[in-house]
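Below are the chains, spelled out letter by letter.
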Amino acid sequence: ARDGMPMAQTVALYTAFVDFSAPRVDEKIYTNITYPRGSSERDTLYLDHLCEYLAKNYPVKTKQEYADYITSRRKKKSNSCVLVEGMTNNQFEELKNFWVFDECRDGFRTGLTRIRSYKRYYPYDSLTSIVLGRAVLATKEMLEKDTSYHRNEWHGTSGLEYGLDKELFGIPGKTRRRQEAWGFGTEVIEPSIPGKDVVTTIDIP
């Protein structure tokens, strides 16, 4: 808007999951009964602590429901046991640094992985639906209609989002993987060019 308030934003969200095919993860979260740090009393499974953390911070399930779900996924030897969906980057980092996953660490691996997705937010919905229009993840029909579009790209379908789509989208860059001393890194071949912002004359009340 005129005062700099965002009227449309694309936010990165993450789905966190654990891989029970990683021996260290299965051993620490589920198999071993250990001693808590600094205690001579035997502890329950690390799973108990993990489910307590999840139920407290993401109460879409109870502690017992989390435990039952994770147990069922482990029995199926799943390498993608989803723990939380729709997390921000900060929330994922907090979960990754939770001491249970620190105990699961094997070199660089913790057994906790994430998949990124995007969600479009319109803070002033009734106004933005008319003036700004909408942007969506490119559909099959959009890809067939415009060959410059690619999968996993967001493009406007109405309003300013559609009329100024080329300026808003920018130009994607190009990268390639290359071998590093510690593994694989990413080399930038062509840097991306960020899309432009649109500043309207709209005053947000």
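Preceding this paragraph is the structure being described.
The following paragraphs examine the structure supplied in this document. Residue indices begin from 1 for each chain and proceed along its sequence in written order. Local features in this predicted model are restricted to residues whose pLDDT is 70 or higher, and side-chain atom pairs enter the listing and the counts only when it is 80 or higher, whereas totals over whole chains, interfaces and linings include all residues. Hydrogens and water are ignored here; the side-chain numbers use all heavy atoms of the structure.

**A few points about the overall build of the protein chain**
Alright, step 1. Runs of H or I in DSSP of at least four residues are treated as helices and runs of E of at least two as strands, each being numbered from the N terminus. When helices and strands are counted, the protein chain shows 9 helices and 7 strands.
Alright, step 2. The contact rule is simple, with two residues in contact once any of their heavy atoms fall within 4.5 Å. Pairs at least 24 residues apart make up 58% of the contacts formed inside the protein chain by residues separated by at least 6 positions.
Alright, step 3. To be clear on the numbers: accessible area is Shrake-Rupley with a 1.4 Å probe, and residue cover counts the displayed protein chains and nothing else. Summed over its atoms, the accessible surface of the protein chain is roughly 13700 Å², and 52% of this surface lies on carbon and sulfur atoms.

**Details of the pattern of salt bridges**
Alright, step 1. A pair is scored as a salt bridge if a Lys or Arg side-chain nitrogen falls within 4 Å of a carboxyl oxygen belonging to Asp or Glu. As enumerated under the stated definition, the model contains 7 salt bridges in all.
Alright, step 2. Linking Glu161 and Arg120 is a salt bridge whose minimum nitrogen-to-oxygen distance equals 2.4 Å. Placement of the pair is Glu161 in helix H8 (residues 159-163) and Arg120 in strand S3 (residues 112-121), with a sequence separation of 41 residues.
Alright, step 3. Taking the shortest distance from any N to any O, the salt bridge between Arg178 and Glu187 comes out at 4.0 Å.
Alright, step 4. The exposure class assigned to Glu187 is partly exposed, which follows from its relative accessible area of 22%.
Alright, step 5. Here the salt bridges do not stand alone but share partners, grouping Arg176, Arg178 and Glu187 into one network. Here's how the labels work: a residue is buried when its accessible area is under 20% of the maximum for its type, exposed when over 50%, partly exposed in between, all with a 1.4 Å probe on protein chains only.

**Remarks on helix H2 (residues 46-57)**
Helical geometry note: an α-helix holds 3.6 residues per turn, so side chains three or four residues apart project in the same direction.
Alright, step 1. Look at H2: 17 Å from first C-alpha to last across 12 residues, which is about the 16 Å you get at 1.5 Å a residue.
Alright, step 2. All of the buried residues along H2 are Tyr46, Leu47, Leu50, Cys51, Tyr53, Leu54 and Ala55. Here the expected length of a helix is defined as 1.5 Å per residue gap, with one fewer gap than residues.

**Section: the layout of surface pockets**
Rolled over the atoms, a probe as big as a water molecule pinpoints where empty space is left.
Alright, step 1. For cavity detection a 1 Å grid was placed over the protein atoms alone, and a set of points counts as a cavity when a 1.4 Å probe fits there but cannot get out; an open set counts as a pocket when protein lies on both sides within 12 Å along at least five of seven lines, with lining residues being those that have an atom within 4 Å of a point. Grid points are joined across faces, edges and corners, and a volume is the space filled by probe spheres set on the points. The space that makes up the largest pocket amounts to roughly 840 Å³.
Alright, step 2. Forming the walls of the largest pocket are 29 residues, and the residues nearest its centre are Ala8, Thr10, Arg120, Glu161 and Leu168.
Alright, step 3. Those elements giving two or more residues to the lining of the largest pocket turn out to be strand S1 (9-18), S3, strand S5 (154-156), H8 and helix H9 (165-169).
Alright, step 4. Nonpolar residues are Ala, Val, Leu, Ile, Met, Phe, Trp, Tyr, Cys and Pro. Charged residues are Asp, Glu, Lys and Arg, and all others, Gly as well, are polar. Here the residues of the lining of the largest pocket are counted per class, giving 14 nonpolar, 8 polar and 7 charged.
Alright, step 5. Of the volumes computed, that of the second largest pocket is approximately 200 Å³.
Alright, step 6. Residue lining of the second largest pocket: Met142, Lys145, Asp146, Tyr149, Gly156, Tyr162, Gly163, Leu164, Asp165 and Lys166, and that is the complete set.
Alright, step 7. Looking at the lining of the second largest pocket, the elements that each hand over two or more residues are helix H7 (140-145), H8 and H9.

**With respect to the sheet that holds strand S2 (residues 81-87)**
Alright, step 1. Strand pairing requires that DSSP identify at least two bridges connecting the strands. Within the open sheet, the 3 strands sit side by side as S2-S1-S3. Their pairing is antiparallel. The open sheet has two edge strands, S2 and S3, and neither has a second partner. Here the average twist between neighbouring strands, direction ignored, is 20°.
Alright, step 2. Here an angle of 0 to 180 degrees is reported between the N-to-C directions of two axes, which are lines fitted to C-alpha atoms, with helices fitted over the stretch in contact. Along the sheet, helix H4 (residues 89-96) makes contact with S1, S2 and S3, crossing S3 at roughly 165°.

**Observations concerning the packing of aromatic side chains**
Alright, step 1. For Phe, Tyr and Trp, rings pair up if their centres lie within 6.5 Å, where Trp contributes its six-membered ring, and each pair is then called stacked (planes under 30 degrees apart), edge-to-face (over 60) or tilted (otherwise). Following the criterion strictly, the structure yields 3 aromatic pairs and no others.
Alright, step 2. Judged by centre distance (5.1 Å) and plane angle (75°), the ring pair of Tyr46 and Trp99 falls under edge-to-face. With a gap of 53 residues between them, Tyr46 in helix H2 and Trp99 in helix H5 (residues 99-103) connect regions that are remote in the sequence.
Alright, step 3. The buried category is assigned to Tyr46, whose relative accessible area is 5%.

**Comments concerning the environment of Met87**
Alright, step 1. Structurally, the position occupied by Met87 is in strand S2.
Alright, step 2. With relative accessibility at 0%, the residue Met87 sits in the buried group.
Alright, step 3. C-alpha separation for the pair Met87 and Arg116, spaced 29 residues apart in sequence, amounts to 9.3 Å.
Alright, step 4. Those residues within four positions of Met87 in sequence are excluded, and the remaining contacts are Ala12, Leu13, Tyr14, Ala16, Tyr58, Phe92 and Leu95.

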